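# Notes for the structure review
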Amino acid sequence: MALRDVLLTVAQTPHRLRRRALVTWTPEQELSEVRDRSGARMARRLEWYDLVGLGVGGMLGAGVFVTTGRVARDTAGPAVFASYVVAGVSALLSSFCYAEFAVRVPVAGGAFSYLRVTFGEFVGFFGGANILMEYVLSNAAVARSFTDYLASTCGVTEPDAWRIQVDAIADGYNALDVPAVALILLLTLCLCYSTKESSMLNMVLTAFHLLFFAFIIVAGFWNGSARNLVSPDGLAPYGVRGVLDGAAIVYFSYIGYDSASTMAEEIRDPAGALPVGITGSVLIVSALYCLMSLTLCGMLPYNEIAQSAPFSSAFRDKAGWKWAGGIIGAGASIGIVASLLVAMLGQARYLCVIARARLVPAWLAKVHPSTGTPMNATIFLGLCTASIALFTELQIVFEMISIGTLLAFYLVANALIYNRYAKLGTTRPLHVLLFLLLLTLSSIGFSLSRRIGGRWRWGMALFGAILVAVITIFHCTARQDVAQPPSEWTVPLMPWPAAASVFLNVFLMTTLKVRSFQRFGIWSLAITVFYVCYGVHSTYTAEENEVVNVMIHHANVDIS
């Protein structure tokens, strides 16, 4: 491209932003012309039980074995089970929103597609890019924890025994994790081969994993004591704030149900299977998370929980079952493999659909004609995940996880309210947008009042009352004439579930550390710059070319 053309393109950036940033697509367009940009279509070979298995497998390995020990020891104490309850309720409400959107727009784009058809191209890209970042980071964290548990299975207790220390690299990035990289690359090859076979592998791994869960829960309660739940400093030694802070940290454990929604293009009966698969898997996993966290904290005092492979250490060192430590290490390793398999399945489909929208290079959207999988996106993200897992310590990764997920789920809940009342109904868009603004502001006010504490306690009561009043008034005054067939699943009791999801996501975001917001700000700036410098020009040029081609086609038809 000549320098003159480059300068002309840069000069047109404001105009192109006005034309593209808020442009929306209809569900019908997403299902037809946008999906056709991948060439071959993804094979519809999955049933509802595949979706439940993918959701359960995607969530189980990440949460319990990666975060529970750390959160119990340093953040919430024995009340870590309450952290899982709070996070589970928030995830369940978000899963309702995802399920309705997935039925209405059954494509592989997840939050990206839902936001793009509601709020436009830029908001969709912003939300999708944040979810994609969370996938890559959480997968890197899960892969590194796999090395800990695999070493524990072999009787090795030193956390970094199987990692290569490189003194020339900065601390936090100098423990090279070769087993984690090998696992990611192996799963990448598996995912490139077939989605159905990957689902079958996940079902087998998850079945074995559930047996290990049952063993840990029964044996843990047998060897545990209720005294450990209140000793040495009570059930919640870090207070209510610790429980809520812990909820924000463990929330990334629920990313797996989002992976289930990205399989919408590969389900035989999306309308029937997606609600069951998405919400059912969240309920099952939430119950298991609570039981497992109670098991760990019942076996030994919270301040004696090991940071690395805590379940294996508890059985080996405290219960005296050295043989059980190896079994639990093997079970945790299997669960982590299943979790990583599903999460990598989801992240590739996110990138594939973003590429269909031409917001990233189009070659990432290609679906292989023989395997029916987004092979290019799978390989690219597999390499990115492996690179992070090789260098970056778990604690550094944890500080960057959750905020992007919470923001994306917050946006999806807002999008569902807007879709239901402004797009499908008869309520004016401005009325709905005002409600969403007041809902967000009152949620922020309540959450910040809790953080400040002291004389600001009255703020919680004030903003809480405003929050309830705003939702009640909107519920009584807004009209929604839902246009979809009665057979399609919709969230009941609207707008309350979606509004509660907005509140909880805002609330959990305010519990995160300042460093999380700083890193999120840097990432958000990078997303915005990328969209302005590449995305908006790519989509504008492509859309203009399509319009010209259509005009030429019609002119040729008229001449003939």
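In what follows, the accompanying structure is described.

Here we come to the overall build of the protein. Along its length, the protein carries 21 helices and two strands. Per-residue burial over the protein gives 58% buried out of 560 residues. Just so you have it, the protein exposes about 22,000 Å², and 68% of that area is on carbon and sulfur atoms.

With the rule as written, the count across this model stands at 19 aromatic pairs. Ring centres 5.2 Å apart and planes at 55° place the aromatic pair F122 and Y531 in the tilted group. Highlighted residues: F122 in helix α7 (residues 121-153) and Y531 in helix α21 (residues 514-559), separated in sequence by 409 residues. Given a relative accessible area of 25%, F122 falls into the partly exposed group. Between Y238 and Y302 the ring centres are 6.0 Å apart and the planes differ by 80°, which places this aromatic pair in the edge-to-face class. Highlighted residues: Y238 in the loop between α9 (195-223) and α10 (239-250) and Y302 in the loop between α12 (270-299) and α13 (310-318), separated in sequence by 64 residues. Under the relative-accessibility criterion, Y302 is labelled buried at 7%. In this structure an aromatic cluster arises from ring pairing among F122, F125, F126, F520, F530, Y531 and Y534. Lying over the aromatic face of F101, R104 brings its terminal NZ or CZ to 5.9 Å of the ring centre.

Before going further, it helps to spend a moment on α10. Helical periodicity: at 3.6 residues per turn, an α-helix aligns residues three or four positions apart in one direction. Between its first and last C-alpha, α10 extends 17 Å over twelve residues, near the 16 Å set by a 1.5 Å rise per residue. Within α10 the residues assigned to the buried category are G242, V243, L244, D245, G246, A247, A248 and V250.

On to helix α8 (residues 178-193), then. With 16 residues, α8 should cover 22 Å at 1.5 Å per step; its first-to-last C-alpha distance of 23 Å lies within 8% of that length. Of the residues flanking the start of α8, the one acting as N-cap is D177, its side-chain oxygen 3.1 Å from the backbone nitrogen of A180.

All right, on to the nonpolar core then. Ranked by internal contacts, the top residues of the largest apolar core, which has 156 residues, are Y98, Y257 and I417. Per-element tally for this core: the top contributor is helix α14 (residues 322-356), with 19 residues. In this structure, Y257 is in contact with M59, A91, S94, S95, Y98, Y251, I278, S281, V282 and F409, ignoring residues within four places of it in sequence.

All right, on to the pattern of salt bridges then. All chains considered together, the criterion is met by four salt bridges. Two residues, R73 and D74, come together in a salt bridge whose shortest N-O distance is 4.0 Å. Here D74 falls in the partly exposed class, since its relative accessible area comes to 43%.

Position of L92 among the secondary structure elements: in helix α5 (residues 80-104). The spatial distance from the C-alpha of L92 to the C-alpha of L283 is 7.2 Å, given a sequence separation of 191 residues. Aside from chain neighbours lying at most four places away, what touches L92 is T279, V282 and L283.

What counts, and where the lines are drawn
- Residues numbered from 1 in each chain as written.
- Predicted model: local features only at pLDDT ≥ 70, side-chain atom pairs only at ≥ 80, totals over all residues.
- Heavy atoms only, no water.
- Helix = DSSP H or I, 4+ residues; strand = E, 2+ residues; numbered from the N terminus.
- Buried < 20%, exposed > 50% of the residue type's maximum accessible area, 1.4 Å probe, protein only.
- Areas by Shrake-Rupley, 256 points an atom, 1.4 Å probe, with all protein chains shown as cover.
- Phe/Tyr/Trp six-rings, centres within 6.5 Å; stacked < 30°, edge-to-face > 60°.
- Lys NZ or Arg CZ within 6 Å of the ring centre and 35° of its normal.
- Expected span 1.5 Å × (residues − 1).
- Polar contact = N/O pair within 3.5 Å; in protein donor to acceptor, adjacent residues only side chain to side chain.
- Core = buried A, V, L, I, M, F, W, Y, C linked by side-chain atoms within 4.5 Å.
- Contact = heavy atoms within 4.5 Å.
- Salt bridge = Lys/Arg side-chain N within 4 Å of Asp/Glu carboxyl O.

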